[in-house]
Amino acid sequence: MNIHEYQAKQLLQESGVPVPLSILAFTPEEAAKGAKEIFEQTGTDEIAVKAQIHSGGRGKGGGVKIAHNVEEVEKFAKQIIGMTLVTHQTGPVGKFVRKIIVQQGIYQSGPSEIKEYYISILLNRATGRNMIVYSSQGGMDIEAVAAQTPELIFKEEIHPIGVQAFQARRIAFNLGLKDKAFSQMVKCVMAMYDTYIKNDLSLLEINPLVKTSNEDIWAVDAKVNIEDNALYRHPNLELLRDTDEEDPTEVEAGENNLNFVKLDGNVGCMVNGAGLAMATMDIIKLSGGDPANFLDVGGGANAKTVAAGFRIILKDPHVKAILINIFGGIVRCDRVAQGVVDAYKEIGNISVPVIVRLQGTNAKEGKDLIDQSGLKVSSAVSLQEAADLVKVAVK
Amino acid sequence: MSVLVNKDSRVIVQGFTGSEGTFHATQMIEYGTNVVGGITPGKGGQTHLGLPVFNTVEEAVKKVKANVSVIFVPPAYAADTILEAATGGIKVIICITEGIPVADMVKVKHVLSELHDVHLIGPNCPGVISPGEAKVGIMPGFIHKKGSIGVISRSGTLTYEAVDQLTKQGLGQSTCIGIGGDPIIGTTTLEAVKLLMADSETEGIVMIGEIGGSMETEAARWIKAHGTKPVVGFIAGQTAPKGRRMGHAGAIIGGDDDTASAKMKIMKECGLHVVESPAMIGETMKRVLKK
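As the structure is a computational prediction, the values presented were derived from the model and not from experiment.

About the cut-offs
- Residues numbered from 1 in each chain as written.
- Chains lettered and ligands numbered in written order.
- Predicted model: local features only at pLDDT ≥ 70, side-chain atom pairs only at ≥ 80, totals over all residues.
- Heavy atoms only, no water.
- Helix = DSSP H or I, 4+ residues; strand = E, 2+ residues; numbered from the N terminus.
- Rg over C-alpha atoms; globule rule 2.2 N^0.38 Å.
- Buried < 20%, exposed > 50% of the residue type's maximum accessible area, 1.4 Å probe, protein only.
- Contact = heavy atoms within 4.5 Å.
- Areas by Shrake-Rupley, 256 points an atom, 1.4 Å probe, with all protein chains shown as cover.
- Lys, Arg positive; Asp, Glu negative; His and termini not counted.
- Charge placed at Lys NZ, Arg CZ, Asp CG, Glu CD.
- Core = buried A, V, L, I, M, F, W, Y, C linked by side-chain atoms within 4.5 Å.
- pLDDT = per-residue confidence, 0-100.
- Pairing = 2+ DSSP bridges.
- Arc of directions from axis to C-beta.
- Buried area = accessible area lost by both parts, 1.4 Å probe.
- Salt bridge = Lys/Arg side-chain N within 4 Å of Asp/Glu carboxyl O.
- Polar contact = N/O pair within 3.5 Å; in protein donor to acceptor, adjacent residues only side chain to side chain.
- Axes fitted to C-alpha atoms, helices over the stretch in contact; angles between N-to-C directions.
- Parallel < 35°, antiparallel > 145°, perpendicular 65-115°, else oblique.
- Left-handed = near helix turned anticlockwise from the far one by under 90°.
- Nonpolar A, V, L, I, M, F, W, Y, C, P; charged D, E, K, R; others polar.

(A) How the structure looks around the overall build of chain B. Along its length, chain B carries nine helices and 14 strands. Taken over C-alpha atoms, the radius of gyration comes to 18 Å for chain B, in line with the 19 Å a tight globule of 291 residues would show. Expressed as lengths along the three principal axes of its C-alpha atoms, the size of chain B is roughly 55 × 40 × 30 Å. Here chain B holds 291 residues, and 63% of them are scored as buried. Within chain B, counting contacts between residues at least 6 apart in sequence, those at least 24 apart form 73% of the total. Total accessible area on chain B is roughly 10400 Å²; 53% of this is exposed by carbon and sulfur atoms. Between the averaged position of the 28 positive side-chain charges in chain B and that of its 28 negative side-chain charges there is a distance of 4 Å.

Shown next as structure tokens:
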């Protein structure tokens with residue numbers, strides 16, 4: 001589950017990671033009021049106005065602006081709230097901005113050079129352990145750093161007993177820190193790992209982590225993913241979910257216990273099992289179509305789930321055909337076939353061709369049911385037959 | 001021979017008296033699997049499906065000489081259940097449960113790294129079957145046929161699809177291992193490949209992977225250096241977008257290396273028979289074996 005930057009910073013702050021003072025605002029007035037408070041409390045001479053959407057690259061898209069007085073904050077807030085922000089992560093449709101934060105600026109010049117670092121914590125799948133990835137090249141796209149200067153990216157693997165102080169020191173040394181900034185960085189790394197473990201995160205990324213001209217360390221931005229499988233033990237974190245940021249069809253699918261991911265293609269599909277669902281998308285592509293979605297109906301494919309699946313897929317006007325691919329194991333194909341027939345009749349006017357491929361337990365009975373239903377549904381038994389039918393449908 | 005499970009396996013079911021455990025234990029027994037009992041803490045001493053129920057794994061190992069366990073407990077309790085089996089004397093642990101938190105699996109993996117003779121299969125997997133000998137999992141038994149092809153897969157129904165194609169080509173299976181779709185699993189693709197390469201009965205291997213992680217490329221490189229049998233490979237998710245979780249917790253493209261096309265390219269370079277279409281798995285194996 002993704003959360004907003006301001007929520008991520010709250011979690012970081014609870015563990016003791018230093019974050020600049022920021023205030024959430026839904027209107028330019030609230031932003032101006034917040035900015036006034038921040039100017040007075042911190043004595044800063046600038047404030048960042050930042051769009052809160054679930055996406056990176058907000059600055060490049062015009063969703064982050066630096067203001068030097070309350071009037072400017074209000075002006076930028078007016079521009080950003082209500083805009084549709086397009087970033088490399090949102091796709092061309094972009095995301096509507098409902099809220100912003102105003103944040104204390106910490107980039108004042110002073111005795112020491114200002115530095116931006118990158119630091120993240122995530123699972124290293126190859127070893128089954130968490131790792132801290134960090135670089136002296138913060139403030140930019142870390143994938144670009146990895147591609148151009150891989151020698152500037154460091155990794156620190158963490159034993160399941162937890163991060164050790166020597167590891168935090170190694171990170172601070174490798175980043176070239178000394179004195180006050182060094183000890184602040186050590187504390188910051190330990191606190192970051194605490195945030196990651198305590199909240200069952202699957203990703204914690206701070207970019208940039210800034211060393212100010214006063215040798216202070218601040219987490220200026222934060223991106224957090226909470227692991228879905230662990231949400232059951234964090235009811236407080238579940239409250240941070242913002243369904244405004246999710247695709248409405250995906251939200252609806254989730255309510256129907258369907259695992260759905262929206263894609264851009266023209267052939268919808270409904271499959272039991274995630275691996276077979278991906279393989280079915282691949283078959284669609286090889287047959288000359290493009291998958292319009294990933295949809296795993298799980299172990300209980302019945303009339304109700306199939307009907308919900310039909311409704312969700314048919315919301316997409318680009319869908320030219322639907323392929324249902326079920327491998328019956330515990331699920332009997334004849335029951336799935338009956339489900340398809342019932343759902344088809346219930347929905348009524350399905351104007352696109354529907355191809356049903358049933359294999360496994362009672363596949364023959366299932367095919368007979370489809371063939372005798374009188375509906376405009378074609379049936380297939382082998383995966384290749386299904387692929388051939390898709391080929392005809394997308395022509 | 002087969003690997004991991006066979007007719008002599010003495011199988012216990014953890015989460016025996018629950019609805020999933022009861023349903024699948026019944027199916028396994030019908031298939032002919034040597035199920036010797038089950039575990040439900042607090043119900044020890046009772047009889048379920050005509051078999052003894054024990055409070056602890058240790059007791060089952062002592063009293064009925066259990067050596068294989070299959071786990072059907074909810075995700076919140078699954079890591080604990082795996083660790084009880086692993087430290088209680090079980091050598092092959094097959095965890096069907098989906099949805100175990102990663103943090104729990106980090107700990108499990110650590111404990112298992114110190115128990116060298118214990119194989120964990122899964123979690124989030126369909127289980128292991130050696131056709132005609134033992135079915136330890138949730139797969140439909142009837143699509144399988146005893147034979148000499150080993151199957152390794154991260155997915156459930158896609159494994160059934162591959163097995164069905166093999167059987168229809170007249171190619172039976174030695175052992176089919178569903179290794180699971182989570183980011184942290186016990187037995188990896190490579191470890192499963194090594195088991196099947198060493199198995200005298202296995203003549204060919206089907207290796208089905210998916211997007212996310214680097215297990216398939218790791219296995220492919222080992223096969224190039226040490227492989228002695230033909231391997232047919234497929235990676236699901238050629239059309240999956242980056243950064244989106246495709247059903248399985250582990251099926252998510254993180255970078256350029258764990259896309260389907262990147263993996264298939266390396267697999268081809270390592271001499272595997274890679275199929276672009278999942279409909280061609282059985283046919284390709286048949287053709288490769290004829291050579």
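(B) The nonpolar core, seen in detail. One finds Val 70, Ile 94, Val 136, Ile 177, Met 246 and Leu 272 of chain B to be the most contacted residues of the largest nonpolar core, which totals 95 residues. If we ignore the near neighbours within four places in the chain, the residues touching Leu 272 of chain B are Met 207, Ala 220, Ile 223, Val 231 and Met 267 of chain B. Core analysis: the next-biggest nonpolar cluster, separate from the first, contains 41 residues, Phe 182, Leu 201, Leu 204 and Ala 222 of chain A among them.

(C) Representation of the confidence of the model for chain B in the model. Considering every residue of chain B, the mean pLDDT works out to 96; 100% of them sit at 70 or more. Interface confidence in the predicted complex, given as ipTM, is 0.94; pTM for the same model is 0.94.

(D) The sheet that holds strand 3 (residues 47-48) of chain B, seen in detail. Residue and element names in this part refer to chain B. If you walk across this open sheet you meet the seven strands as 3-4-2-1-5-6-7, and the pairing is mixed. Bordering the open sheet on either side are strand 3 and strand 7 (119-121), each of which pairs with just one other strand. As paired elements, strand 3 and strand 4 (residues 51-54) share two bridges and run antiparallel to each other. The partner of Thr 47 across the bridge, within strand 4, is Pro 52.

(E) Representation of helix 5 (residues 165-174) of chain A in the model. Residue and element names in this part refer to chain A. Of all the positions in helix 5, only Gln 167, Ala 168, Ile 171 and Ala 172 are classed as buried. Buried residues along helix 5 cover an arc of 140 degrees about the axis, so they all sit on one side. Those residues of helix 5 that are buried lie in contact with strand 7 (115-124), strand 8 (129-135), strand 9 (153-158) and helix 6 (179-198). Just downstream of helix 5, Gly 176 is the residue with a positive phi angle, here 80 degrees.

(F) Inspection of the interface of chain A and chain B at higher detail. Contact with chain A, which involves 43 residues of that partner, is made by 55 residues of chain B. Approximately 3600 Å² of surface area, both sides summed, lies buried where chain A meets chain B, with 62% of it carried by carbon and sulfur atoms. Among the residues of chain A in contact with chain B, Arg 125, Met 278 and Phe 327 of chain A are the three that bury the most area, contributing 19% of the side total. The interface formed by chain A and chain B holds five salt bridges in total. A salt bridge links Lys 242 of chain B to Glu 143 of chain A; the shortest N-O distance between them is 3.3 Å. For the pair chain A and chain B, the number of links is 12 residue pairs in polar contact (both at pLDDT 80 or more). Elements with a minimum of two residues in the side of chain A that touches chain B: strand 13 (259-262), helix 9 (274-286), strand 16 (321-328), strand 17 (354-360) and helix 13 (383-394) of chain A. Sorting elements by how many residues they give to the side of chain A that touches chain B places helix 9 of chain A first, with 10 residues.

(G) Examining the pattern of salt bridges more closely. Residues and elements named next belong to chain A. For the coordinates displayed, the defined rule picks out 37 salt bridges over all chains. Residues Arg 170 and Glu 156 are paired through a salt bridge, measuring 2.6 Å at the closest nitrogen-oxygen approach. Within this pair, whereas Arg 170 is found in helix 5, its partner Glu 156 is found in strand 9, the two being separated by 14 residues in sequence. Its relative accessible area of 4% is what places Glu 156 among the buried residues. The salt bridge involving Lys 315 is made with Glu 252; its shortest N-O contact spans 2.2 Å. Residue Lys 315 is found in the loop between helix 10 (303-314) and strand 16, and its partner Glu 252 is found in helix 8 (residues 248-255); the two are separated by 63 residues along the sequence. Exposure remark for Glu 252: the relative accessible area of 23% places this residue in the partly exposed category. Salt bridges sharing common partners tie together Glu 5, Lys 9, Lys 50, Arg 58 and Asp 221.

(H) Quick peek at the packing of helix 5 (residues 157-168) of chain B against helix 9 (residues 281-290) of chain B. All names here are of chain B. Remark: helix 5 packs on helix 9, axes separated minimally by 7 Å, with the N-to-C direction vectors making an angle of 45 degrees. Accordingly, the angle class assigned to the pair helix 5 and helix 9 is oblique. Taken as a pair, helix 5 and helix 9 cross one another with a handedness that is right-handed. Within the contact between the two elements, helix 5 uses Ala 162, Gln 165 and Leu 166 and helix 9 uses Ile 281, Gly 282 and Met 285. Across the contact of helix 5 with helix 9, the residue classes tally to four nonpolar, two polar and no charged.

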